[in-house]
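# Architecture at a glance
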Amino acid sequence: MGAGAAGLRGSRLSPEERANSSKSRAIDRALSKDHTDDLNRFKILLLGTSESGKSTIFRQMRVLHLDGYAKEDALEYLSIIHSNCMEALTQLVDACSAFGILHDITVQEDVNRFEDFKRKLRDPEGLVIPVVIGRCMDRVWQSSSLQLCYETRRFRFALLDSAKYFMDNIVRLTEDNYVPTIQDIVHCRISTTGINEIAFNHKKMDFKYIFCLKWPFLSHYRMVDVGGQRSERRKWIHCFDNVDMILFIVSMSDYDQLDPEDHKFNRMKQSYEIFKTIVHSDLFRHASIVLFLNKFDVFVEKLKTSPLRRSFKNYEGDNSEESARDFIKKLFRRCITDRHKFFVFETTATDTGNIDLVFGSAVAHIVNENLRSAGLHE
């Protein structure tokens, strides 16, 4: 037998090699499909400073357009929710001390019991509050001293946005066999680190013109959430490719707050500067810009005791909700150039119905503008 035949025998693949080759081709096909799927999805980049509520909106998309949270997924939030409860009560107790608000003897005993529990914590990340401590925390929260502090001074110190929600529900949240509900998960505060993505189909939009425009992606979305802390912002650049919509979140209640990472800056003014940088970037010249003015409910309450003019000296309106809201809208609108499609909404991120409505409205506006640009919508 000649050398050619021997060469043919040597080039044959073993069963194991054929199996590996088949797996490799399958992986290549899957990667190619994933790439195509990504290109066919409407990419939304979710941006904003820390504690603006953007990650709450990200979780709301899972609630509204995917299957929410199965029991095992919900249980992953238990320690986070319990940590939020501990943080909220600590902030309130410390504020009572700072403002000279004294507790009754029995309440002080519960405060001491709570503080002793905190000191003995060995694993804060795996925190589970025992039932007896949960009852103790409830008694402290219900006391006249803490209620006085909350009702009269809650905007004068740093307090978790969902403090009242968690404290009102502390007995339920610390029961044996407790499983977090959707609302518990939505209200919890988590600092986003790294880059998180979610892909979903919009369940309620009526895109009757889409297929004639060859825009099937407008019912398929990919939302990307990145950390809002200053140390996380350098990661934003990795998400800037092929963005169809910037969803920028501003906390309206930050108008009189200093940046916790740099006390020289007002938090809302810093959000404004970041927003201006984003919308002026050539990377987003073709992207639609949607601004959610979040925590509108807290903003309305706060205006009663903290006038907008105190933080924005150029504000000349009265202290009404409408006038103050319009000023902030115009402030951010000044950043927008004619090349952008721009839409702004007031939101309350913890209100699932509100987010469902405004997100649907934002997308509908963008679709209508695209249809109008194509001459298919009046």
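Residues numbered from 1 in each chain as written. Predicted model: local features only at pLDDT ≥ 70, side-chain atom pairs only at ≥ 80, totals over all residues. Heavy atoms only, no water.

### A look at the confidence of the model for the chain
Stated formally: For every residue, the predictor states its confidence as a pLDDT score lying anywhere from 0 to 100. Contact between two residues is taken to exist if any of their heavy atoms lie within 4.5 Å; hydrogens are not considered.
Looking at the chain as a whole, the pLDDT averages 83, with 78% of positions reaching at least 70. Per-residue pLDDT stays below 50 along residues 3-10; that stretch engages in 1 contact with residues further than four places along the chain or on separate chains. Ignoring residues within four places in sequence, the model shows residues 206-217, a span with pLDDT below 50, making 22 contacts including any to other chains.

### Considerations on the layout of surface pockets
Under the convention used in this document: Here a cavity means grid points, on a 1 Å grid over the protein atoms only, where a 1.4 Å probe fits yet cannot get out; a pocket means an open set of points with protein on both sides within 12 Å along at least five of seven lines; lining residues are those with an atom within 4 Å of a point. Grid points are joined across faces, edges and corners, and a volume is the space filled by probe spheres set on the points. Numbering of helices and strands starts at the N terminus; helices are DSSP runs of H or I of at least 4 residues and strands are runs of E of at least 2. Charged means Asp, Glu, Lys or Arg here, nonpolar means Ala, Val, Leu, Ile, Met, Phe, Trp, Tyr, Cys or Pro, and polar covers whatever is left, Gly included. Residue ranges assigned to the domains are those given by an automatic or database domain assignment.
Its volume calculated, the second largest pocket comes out at about 320 Å³. Around the second largest pocket, the lining is made up of 16 residues, and of these Phe 58, Arg 59, Tyr 69, Tyr 77 and Ile 190 lie nearest the centre. Listed by contribution, the elements that provide at least two residues to the lining of the second largest pocket are α3 (54-65) and β2 (195-201). Residue contributions to the lining of the second largest pocket peak at 4 residues, all from α3. The residue inventory of the lining of the second largest pocket, partitioned by class, reads 6 nonpolar, 4 polar and 6 charged. The two domains that each donate at least three residues to the lining of the second largest pocket are domain 1 (44-68 + 192-207 + 214-372) and domain 2 (71-179).

### A short note on the packing of helix α13 (residues 296-303) against helix α14 (residues 321-333)
Applicable threshold: For helices, the axis comes from a line fit to the C-alpha atoms of the stretch in contact; other axes are also lines fit to C-alpha atoms, and the angle between any two N-to-C directions lies between 0 and 180 degrees. Relative orientations are named as follows: roughly parallel for angles under 35 degrees, roughly antiparallel for angles over 145 degrees, roughly perpendicular for angles from 65 to 115 degrees, and oblique for any other angle. Whether a crossing is left-handed or right-handed is set by the direction in which the near helix is turned from the far one by less than a right angle, anticlockwise for left-handed and clockwise for right-handed.
At a minimum axis separation of 10 Å, α13 and α14 run at an interaxial angle of 125°. Between α13 and α14, the interaxial angle falls into the category oblique. As for the relative orientation of α13 and α14, their crossing is right-handed in sense. On α14, the residues touching Phe 296, Phe 299, Val 300 and Leu 303 of α13 are Glu 321, Ala 324, Arg 325 and Ile 328.

### A closer look at the side chain of Ser 311
Put simply, the test is: Residue exposure (1.4 Å probe, protein chains only): buried if accessible area is under 20% of the type maximum, exposed if over 50%, otherwise partly exposed.
Take Ser 311: it is sitting in the loop between α13 and α14. Judged by relative accessible area, Ser 311 falls into the buried class, the value being 16%. With residues near it in sequence (within four places) discarded, Ser 311 still touches Tyr 255, Asp 256, Asn 266 and Lys 269.

### A few points about α14
Quick reminder of the rule: Each residue after the first adds 1.5 Å to the expected span of a helix.
A rise of 1.5 Å per residue sets the reference length of α14, with its 13 residues, at 18 Å; its end C-alpha atoms lie 18 Å apart and thus fit the reference within 8%. Contacts from the buried residues of α14 go to β4 (245-251), α12 (267-280), β7 (288-294), α13 and β8 (342-346).

### What about unusual backbone geometry?
Its identity is not glycine, yet Asn 177 carries a phi of approximately 65°, on the positive side. Mapping Asn 177 onto the fold places it in the loop between α10 (170-173) and α11 (182-187). Even without glycine at this site, Lys 295 takes up a positive phi of about 60°. Residue class for Lys 295 comes out buried when judged on its relative accessible area of 11%.

### A look at the packing of aromatic side chains
Short version of the rule: Here a pair means two rings of Phe, Tyr or Trp (six-membered ring of Trp) with centres within 6.5 Å. Their orientation is stacked below 30 degrees between planes, edge-to-face above 60, and tilted elsewhere.
Applying the stated criterion across every chain yields a total of 17 aromatic pairs. Between Phe 248 and Phe 275, the aromatic rings sit 5.2 Å apart at their centres with planes inclined by 65°, giving edge-to-face as the arrangement. Separated by 27 residues along the polypeptide, Phe 248 in strand β4 and Phe 275 in helix α12 bring together distant segments of the chain. Ring centres of Phe 275 and Phe 342 lie 6.4 Å apart, and the angle between their planes is 55°; on these two criteria the pair is classed as tilted.

### Thoughts on the pairing of β8
As a general feature of sheets, a regular strand has side chains that alternate between the two faces. Quick note on the threshold: When DSSP finds two or more bridges between two strands, those strands count as paired.
Summarising burial for β8: 4 of the 5 residues are buried, a large majority. Two elements, β7 and β8, share 5 bridges in a ladder whose sense is parallel. What sits directly across from Val 290, in β8, is Phe 343.

### Quick notes on the environment of Asp 225
Rules: N or O atoms within 3.5 Å of each other form a polar contact, as long as, within protein, one can give a hydrogen and the other can take it, and as long as residues adjacent in sequence are counted only when both atoms are side-chain atoms.
The topology assignment puts Asp 225 in strand β3 (residues 220-226). With relative accessibility at 2%, the residue Asp 225 sits in the buried group. Within the local environment of Asp 225, its side chain forms a polar contact with the side chain of Lys 54, the two groups lying 2.7 Å apart. At 3.0 Å, the side chain of Asp 225 forms a polar contact with the side chain of Ser 55.

### Thoughts on the pattern of salt bridges
Inclusion rule: Put simply, a salt bridge is a Lys or Arg side-chain nitrogen that is within 4 Å of an Asp or Glu carboxyl oxygen.
Applying the stated criterion to the full structure yields 21 salt bridges. We note a salt bridge from Arg 189 to Glu 51, for which the minimum N-O separation is 3.6 Å. Highlighted residues: Arg 189 in the loop between α11 and β2 and Glu 51 in the loop between β1 (42-48) and α3, separated in sequence by 138 residues. Residue classification places Arg 189 among the partly exposed positions, given a relative accessible area of 27%. Glu 151 is the partner of Arg 154 in a salt bridge, and the nearest nitrogen-oxygen pair spans 3.8 Å.

### Observations concerning the UniProt feature "binding site: Mg(2+)" (unreviewed entry) in the chain
Rules: UniProt positions are given in the numbering used here, feature names are shortened, and annotations may be inferred rather than shown by experiment.
In this numbering, the UniProt entry assigns the feature "binding site: Mg(2+)" (unreviewed entry) to Ser 55 and Thr 192. Considering only the annotated residues already named, the ones lining the second largest pocket are Ser 55 and Thr 192. Its location among the elements puts Ser 55 in helix α3.

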